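Chains, contacts and geometry: an overview
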Amino acid sequence: MFKSFIKSQAIYKFSVIIKKYNFLFFIPLLIYIGERSPIATDEGYYILQSKWILNSGDWFSPMYWGDLALDRTIALQATIAFSQKIFGENMFSIYIPNIISGSFMLLLNSLIHKELLNRKNSIYSSLILSTSFLWINYFHMSSQDIIYGTFITFGIFAVIKAFKKKNKIYYLSSGVWIGLSFFLKTYLALIPLIALIPFLKSSKIIQNKYFWIGFFLGFIPFLIWSSEIILIYGYDAFSGLYSKLVTLSKNNTFTNPFYYYAWNLLLNTMPWSMFSIIGLITNFKSNENLKSYFLFKYPIIVITLLSLFSTKTPYYPIQILSLISINAYLGVIFLFNKKNYFLNIYKKLIFFGLPILIFLSILYLNVNNFLEDINIISKLLINLSLLLFCLTWLYVPYIREIKRKLFLLMVGPYLIFSVTVQSGILSDRSKELRIASQSIIEKENLFKEKIEVITTGQKDESVSSKLIKIAILMPKIGKGKKYIEELKKDQYAWTAYDRDTILMNNNIKIVAES
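Residues numbered from 1 in each chain as written. Predicted model: local features only at pLDDT ≥ 70, side-chain atom pairs only at ≥ 80, totals over all residues. Heavy atoms only, no water.

This part is about the sheet that holds strand S4 (residues 476-477). The sheet built from 3 strands is open, its strands ordered S4-S3-S5 with parallel pairing. Whereas interior strands pair on both sides, the edge strands pair on one side only; in this sheet they are S4 and strand S5 (493-494). (Pairing = 2+ DSSP bridges. Helix = DSSP H or I, 4+ residues; strand = E, 2+ residues; numbered from the N terminus.)

Pasting the structure below:
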């Protein structure tokens, strides 16, 4: 009994510390200062284009190996380049825009929680968001998705505040996000806008002049960039943005069935999706207009619209993850407070079935050496955090006080993702290639050399992806050359041609292979 009291008090005190210094607890999840290496698609593509912006000084033209590539805007690439201009040309500065926007998204998530639920404990919704695999995975990628999700989350927050406060700043803000989102994701920005229109009309926000002022202000960056592109390259080149939409709306590599998000989103937000389903159902029955709309109708409309689109990817729903995390919090509270036959079975599935499944997964991963590429310390910490997850969730049903239940519920996912982030799994994604590239750079003293890439001879997507990753890891890169014969004397280049083809040219020497 005495030991139980001590444990109880320790949990309580730690909960108080979390409330007082809550921002510090996000640092292990958000900040990684170790070595980084990206994946090729789409992260590598954006980083490569940002390097060409810095090399050429052209902040308007998205280039790809010397050719104009207008299948997307320059918004993210210019943002990454600007970050490197300020903080230095290094891998960490590439990710600063994502770190800033993702942190802001967590703050907005907390603010929306307070506005919709009118309760404390908003930090738990943000912790749920930051420990959802889908969110944390893309947070540590230099891609459009977290920044876009932040714009949408800001728009939702502004609309809610405009509805409540009738303040011109919030009316302005409820319109400005649309143009900024469009500059980043073009036509995909129409989906959250369509989902918001019923509320904008019923609340009469759409009739306020400051909403429209914000709307036009938000489009200024896109209009400036568009006019410059049309002026330099013509309208036919600019229409590539629309061509990309047409391509994505037809059958392609990323075409998936209508029900794709019904399983993919649930899987990518485990274990919190098991609670968010309950939250979603409770908000379907809610008599409160704001809660009903933003925690049920809005996410359902967005998912339905995304499901109707031919191209479906795991990251498209990131824009509603804030609302899903708030629903997860509500689902947790509902399960803790309510009792009936169905809910008792559901609780056993979550607090007994899931820990047992994870424990068996730990055994399977270790027996089959799936973690062999991870260093021993990281492997040990990952195993311990997974075991702690199992133990804490098994123990949750035996705790009476809700605050302590919440704390125990967060410990496992928090430790798992903190360890995963700090081990470099989500940041150093091409580790072997990075180590090999660093060795070549040092051996050949390439720190000040401009390295070219031969763009022909790339036989498949895997080879092209590898070349993109290698090019990013080079200190300096050129625009790309089509043929080996274009190389000058003593010039370095990466190529996908086989060894025999390269050696047919007597002037070429192979110095490294990867």
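Another point: the packing of helix H9 (residues 145-165) against helix H10 (residues 168-185). Two elements in contact, H9 and H10, have axes whose closest approach is 8 Å; the angle formed by their N-to-C orientations is 160°. Here H9 lies roughly antiparallel to H10, going by the angle between them. As for how H9 packs across H10, the hand of that crossing is left-handed. Tallied by class, the residues present in the contact of H9 with H10 amount to 15 nonpolar, 4 polar and 4 charged. (Axes fitted to C-alpha atoms, helices over the stretch in contact; angles between N-to-C directions. Parallel < 35°, antiparallel > 145°, perpendicular 65-115°, else oblique. Left-handed = near helix turned anticlockwise from the far one by under 90°. Nonpolar A, V, L, I, M, F, W, Y, C, P; charged D, E, K, R; others polar.)

What follows is about unusual backbone geometry. Cis geometry marks the peptide bond from methionine 270 to proline 271; its omega dihedral reads 0°. Relative to the elements of secondary structure, proline 271 occurs in the loop between helix H15 (260-268) and helix H16 (273-284). In the Ramachandran plot, aspartate 490 falls in the positive-phi region, its phi being about 65° despite a non-glycine side chain. Here aspartate 490 shows up in the loop between S4 and S5.

Quick look at a positive patch on the surface now. Together, Lys448, Lys450, Lys476 and Lys479 make up a positively charged patch on the protein surface. Here lysine 448 lies in the loop between helix H22 (431-444) and strand S3 (450-453). With a relative accessible area of 76%, lysine 448 lands in the exposed category. (Patch = residues over 30% accessible without salt bridge, like charges linked within 9 Å, V, L, I, M, F, W, Y side chains within 5 Å. Areas by Shrake-Rupley, 256 points an atom, 1.4 Å probe, with all protein chains shown as cover. Salt bridge = Lys/Arg side-chain N within 4 Å of Asp/Glu carboxyl O. Lys, Arg positive; Asp, Glu negative; His and termini not counted. Charge placed at Lys NZ, Arg CZ, Asp CG, Glu CD. Buried < 20%, exposed > 50% of the residue type's maximum accessible area, 1.4 Å probe, protein only.)

In this structure, Trp135, Trp225, Phe275, Phe294, Tyr298, Trp393 and Leu409 are the most contacted members of the largest nonpolar core, which totals 148 residues. For this core, the element with the highest residue contribution is helix H18 (residues 321-337), accounting for 11 residues. Apart from the residues within four sequence positions on either side, phenylalanine 275 is in contact with Asn327, Ala328, Gly331, Val332, Leu335, Ile350, Phe351, Trp393 and Leu409. (Core = buried A, V, L, I, M, F, W, Y, C linked by side-chain atoms within 4.5 Å. Contact = heavy atoms within 4.5 Å.)

Our focus in this paragraph is the packing of aromatic side chains. Per the counting criterion, the structure on display carries 41 aromatic pairs. Taking the centre distance of 6.1 Å and the plane angle of 45° together, the rings of tyrosine 235 and phenylalanine 238 count as tilted. Taken together, the positions of tyrosine 235 and phenylalanine 238, both in helix H13 (residues 235-238) and 3 residues apart, correspond to about one turn of that helix. Assessed through its relative accessible area of 13%, phenylalanine 238 is described here as buried. If you follow arginine 36 out to its NZ or CZ, it ends over the ring of tyrosine 95, 4.4 Å from the centre. (Phe/Tyr/Trp six-rings, centres within 6.5 Å; stacked < 30°, edge-to-face > 60°. Lys NZ or Arg CZ within 6 Å of the ring centre and 35° of its normal.)

Take H10 next. The end-to-end C-alpha separation of H10 is 27 Å, in line with the 26 Å expected for 18 residues at 1.5 Å each. Along H10, 13 of the 18 residues are buried, which leaves the element largely enclosed by surrounding structure. For H10, the N-terminal cap is asparagine 167; the gap from its side-chain oxygen to the backbone nitrogen of isoleucine 169 is 2.8 Å. Following H10 by one or two positions, threonine 186 adopts a phi angle in the positive range, close to 45°. (Expected span 1.5 Å × (residues − 1). Polar contact = N/O pair within 3.5 Å; in protein donor to acceptor, adjacent residues only side chain to side chain.)

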